Amino acid sequence: MRAALLLCLASSTLISADTCSTIASNTDIDVAYPLSLDYISEQNKYWSTSCISLKPSCILFPTSAAEVSVIMQTINQGNESFAVKSGGHNPNNYFSSVAGGPLISTARLDEAILDSNTGVLRMGPGNRLDDIAAKLQGSGWTFVGGRIGNTGTGGLILGGGLSYMSAQYGWAASSALEYEVVLANGTVVTASQDENADLARALKGGGNNFGIVTAYTLQTYRQGNIWGGNVVFLHNKRVASKLLRAVRDFAEYNTDDRAAVIMTAERSTGLVIPPLIDIELVDTWILFLFYDGPTPPANLFKNFTSAGVPILNTVKTQTYSDLIGGSNWVVIKGSVVTIGTETVPLPSSENAETVMEGIHAHWRNISGTTLLEPGIVASIAYQPFPKSIARQAKARAPDLIDADDEADRLILELNYSFIPQTDYNKMANTLEATYGGVRQRVLGWQEEGVLPDVYCPVFMNYGFYRADYWGRLRPESREFARQVAAKYDPDGLFRDRTGGWKP
């Protein structure tokens, strides 16, 4: 009844009014305007200040699919650009941010209802990973989410989602059983393997091109205490060589799918004053170690932990909620954040030094040119993408990533954060040179036979806006996405009026 009334009221004044004033005048949906506390608070929750600086005309806070439906029907009557925001962790401008049009915040779509018998969870995209981990605390069930607690669940799942538990259960999206989706015309539909199955598949790795997901039904998994934390080493060539060999070997030889590792090199000078200060204050390796159990088997991570003398070791037995909630230190406040990625075939043991140290030398050369940038933090994360991830993903549900389980790979995450927004284009060029240089090296090594010629998609969750996301997927995946978009959004509303990669 309330939804019908909202539709009636909205439709009576759509023709001449903008979305913000129409929704504010004719519905009970909360509308926050610039200078209001709700507007300022929500706008400041982006990870990157470049997104914060894009000012929407208003921020809409729906609390149900019915209210999102009203918003979409209202947006349809005009020509404004708009955006949908879950956590705001994607730093690409206009992907979940907008200038001059309405921003739809899912912050109040934050339900989390668990069936304690089956482990099936209905979850709203307004939850962040640490929210869900805290809500599941003590239930004996866990979800396949990302690794940083402040990450929004909506964007994570739509991009695929890489997890500490991906070798056991596939992508985060692989455990999505059902989606509640508001289409471009305001229709509310269910997408699952039994209903609108094409839409369900497209939402696994297809991003924001098909509708607004207002609820996810996820399969969760049994879990008790886990073991995890960080081990930090100062950089030197000996430590670097040992760690680069260790992460390569782990990707190929590890047989315990409960184990996971992220290996990050980080450089920073802090806030410098060129040319007066030119001191490299930080040059470290930060390991993120995880085991889905209270204690890992002896020596499972020895190749990593014995690489040098650690300056910090926080690894311990703890709850998953505590681990995820304690990871938000990696989010750098008050900075422009840029993230790029590249997927690399795993080199053979014989070619490990050539490839691993070649990639790392390239990163150090490029990142070394940025060390006078105010507030610079440059990092590269090496993340194993073993065959088991693709195998587990395929066993659960089809997705657009469509990775095969015939090869091991590495996913590289490349980050530059810095303070001056005026330097965005310069640093964007630097980021493109970083991941582009990796790609050129990979192609060269493949031509020489040093690396195998295997399918290497760009991982959406880490992709920079200049990357050719759809061009790096299999051609049939891209064509499928185009067909699904044409079917569920025939007028191209999401294609033409939202940011992000378009198939």
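Calculation rules
Residues numbered from 1 in each chain as written. Predicted model: local features only at pLDDT ≥ 70, side-chain atom pairs only at ≥ 80, totals over all residues. Heavy atoms only, no water. Helix = DSSP H or I, 4+ residues; strand = E, 2+ residues; numbered from the N terminus. Contact = heavy atoms within 4.5 Å. Pairing = 2+ DSSP bridges. Axes fitted to C-alpha atoms, helices over the stretch in contact; angles between N-to-C directions. Parallel < 35°, antiparallel > 145°, perpendicular 65-115°, else oblique. Left-handed = near helix turned anticlockwise from the far one by under 90°. Nonpolar A, V, L, I, M, F, W, Y, C, P; charged D, E, K, R; others polar. Disulfide = S-S within 2.5 Å. Buried < 20%, exposed > 50% of the residue type's maximum accessible area, 1.4 Å probe, protein only.

### Let's talk about the environment of Ala260
Line of reasoning, step 1. Inspection of the secondary structure assignment puts Ala260 in strand E13 (residues 259-270).
Line of reasoning, step 2. Sequence separation of Ala260 and Ser241 is 19 residues, and the distance between their C-alpha atoms is 20 Å.
Line of reasoning, step 3. With near-sequence residues (within four places) excluded, Ala260 lies in contact with Tyr164, Phe250, Phe288, Leu289, Phe290 and Phe301.

### Some details on the sheet that holds strand E10 (residues 212-219)
Line of reasoning, step 1. As summarised here, the arrangement of the five strands in space is E5-E6-E10-E8-E9, forming an open sheet in which the pairing is antiparallel. Each of the sheet's edge strands pairs with one partner strand only, and the pair in question is strand E5 (112-114) and strand E9 (188-192). Strand-to-strand twist in this sheet, taken as the mean axis angle between neighbours without regard to direction, amounts to 15°.
Line of reasoning, step 2. Looking at chain direction, strand E8 (residues 176-182) and E9 are connected through five bridges and run antiparallel.

### A look at the packing of helix H2 (residues 19-26) against helix H5 (residues 65-76)
Line of reasoning, step 1. The contact between H2 and H5 brings their axes to 9 Å, and the two run at 135°. Overall, the two elements H2 and H5 adopt an arrangement that is oblique. Once H2 is placed against H5, the crossing between them reads as right-handed. Each of Thr19, Thr22 and Ile23 in H2 lies in contact with H5, whose residues at this interface are Val70, Ile71, Thr74 and Ile75.
Line of reasoning, step 2. Taken together, the residues of the contact of H2 with H5 sort by class into four nonpolar, three polar and no charged.

### A few points about the state of the cysteines
Line of reasoning, step 1. Scanning all chains against the criterion turns up one disulfide.
Line of reasoning, step 2. Each sulfur of the disulfide joining Cys20 and Cys58 lies 2.0 Å from the other. Across the S-S bond of Cys20 and Cys58 the torsion is about -90°, and the bridge reads as left-handed. Placement of Cys20 in helix H2 and of Cys58 in strand E2 (residues 58-61) is noted, with a sequence separation of 38 residues between them. Cys58 shares its class with Cys20; the two are buried.
Line of reasoning, step 3. In this model Cys51 remains outside any disulfide bridge; the closest cysteine sulfur is found in Cys58, 18 Å from its own.

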